[in-house]
Amino acid sequence: MKKLVLGLFGLLGLAATPLASAASDGYFVGIGLYAQNSLSKTTKSDDGSGSLFGAYSFPLVLRYSTEVSTPWSIAPAFYYTILPRSSGGGTATTTFLHLSIPAVYSFTGASHEYELLVGPGLSMYQIRGAGGTKQLSNGTGTSTFAIPGGDATSKLVTLDLGFAWFQDPHRLSFDLFVEGAGSEDKRTFNILVGYMYKFGGM
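Residues numbered from 1 in each chain as written. Predicted model: local features only at pLDDT ≥ 70, side-chain atom pairs only at ≥ 80, totals over all residues. Heavy atoms only, no water.

Novice: Quick rundown of the pattern of salt bridges? Include the residues and the values.
Specialist: Inspection of every chain in the model, using the stated rule, returns three salt bridges. Residues glutamate 115 and arginine 171 are paired through a salt bridge, measuring 2.8 Å at the closest nitrogen-oxygen approach. Of the two residues, glutamate 115 sits in strand 10 (residues 112–130) while arginine 171 sits in strand 14 (residues 170–179), which places them 56 residues apart along the sequence. Of the charged contacts in the structure, one is a salt bridge between arginine 128 and aspartate 151, with a shortest N-O distance of 3.0 Å. In this pair, arginine 128 is assigned in strand 10 and aspartate 151 in strand 13 (residues 149–167), connecting sequence segments 23 residues apart. Residue classification places aspartate 151 among the partly exposed residues on the basis of a relative accessible area of 46%. Here the residues in one salt-bridge network are Arg63, Glu115 and Arg171, joined through shared partners. (Salt bridge = Lys/Arg side-chain N within 4 Å of Asp/Glu carboxyl O. Helix = DSSP H or I, 4+ residues; strand = E, 2+ residues; numbered from the N terminus. Buried < 20%, exposed > 50% of the residue type's maximum accessible area, 1.4 Å probe, protein only.)

Below, the structure written as structure tokens:
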């Protein structure tokens, strides 16, 4: 994990021109593709082998970036899935919320603006059971199984890392939300690829 963080900030040395003033400061709205439990932490195959990407959802994104000290900014962002993700078989739905408060280093290269991000975050997953019953195979026939109802919510602190390309007013980003960053056994990686449109600010 330390190598990942050090590698990200090692790229700062490659930033040819730190920005005198970040043009990407302002308000943004967008949408992302969020892959939970990525990098072989989940499986969708019969043999149990890991998959590169986990469960998908499509959160909306609201972001505000403000310069603190050139070329650094603070850019809190809020992610929310208006349409919950359905589990296999339709037995439950999951709503994802995430609050990220990263420090942002902005620089230019090849006539574009780029950003490196690192900071804390908080993820929340709300799972809502469908309730009722469902017919499932029991090996030789079918049986009726009860489906839990009600809600369950989990909250997880994350380490958020990211890289973004900005060409006013368009922003493309790749973010990594690391849950359990300090634990070798419980650490999981969640990937978010997003597009944002700047509609206010500088």
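Novice: Tell me about the packing of aromatic side chains, residues and numbers included.
Specialist: Enumeration according to the criterion identifies 12 aromatic pairs in this entry. Ring plane angle 35° and centroid distance 6.2 Å describe the contact between tyrosine 34 and phenylalanine 177, whose orientation is recorded as tilted. Of the two residues, tyrosine 34 sits in strand 2 (residues 26–38) while phenylalanine 177 sits in strand 14, which places them 143 residues apart along the sequence. Exposure class is identical for tyrosine 34 and phenylalanine 177. Each is buried. With a centroid separation of 6.4 Å and 15° between ring planes, the pair formed by phenylalanine 78 and tyrosine 80 is classed as stacked. Take phenylalanine 78: its relative accessible area is 35%, and that puts it in the partly exposed class. Since its relative accessible area comes to 33%, tyrosine 80 is described here as partly exposed. (Phe/Tyr/Trp six-rings, centres within 6.5 Å; stacked < 30°, edge-to-face > 60°.)

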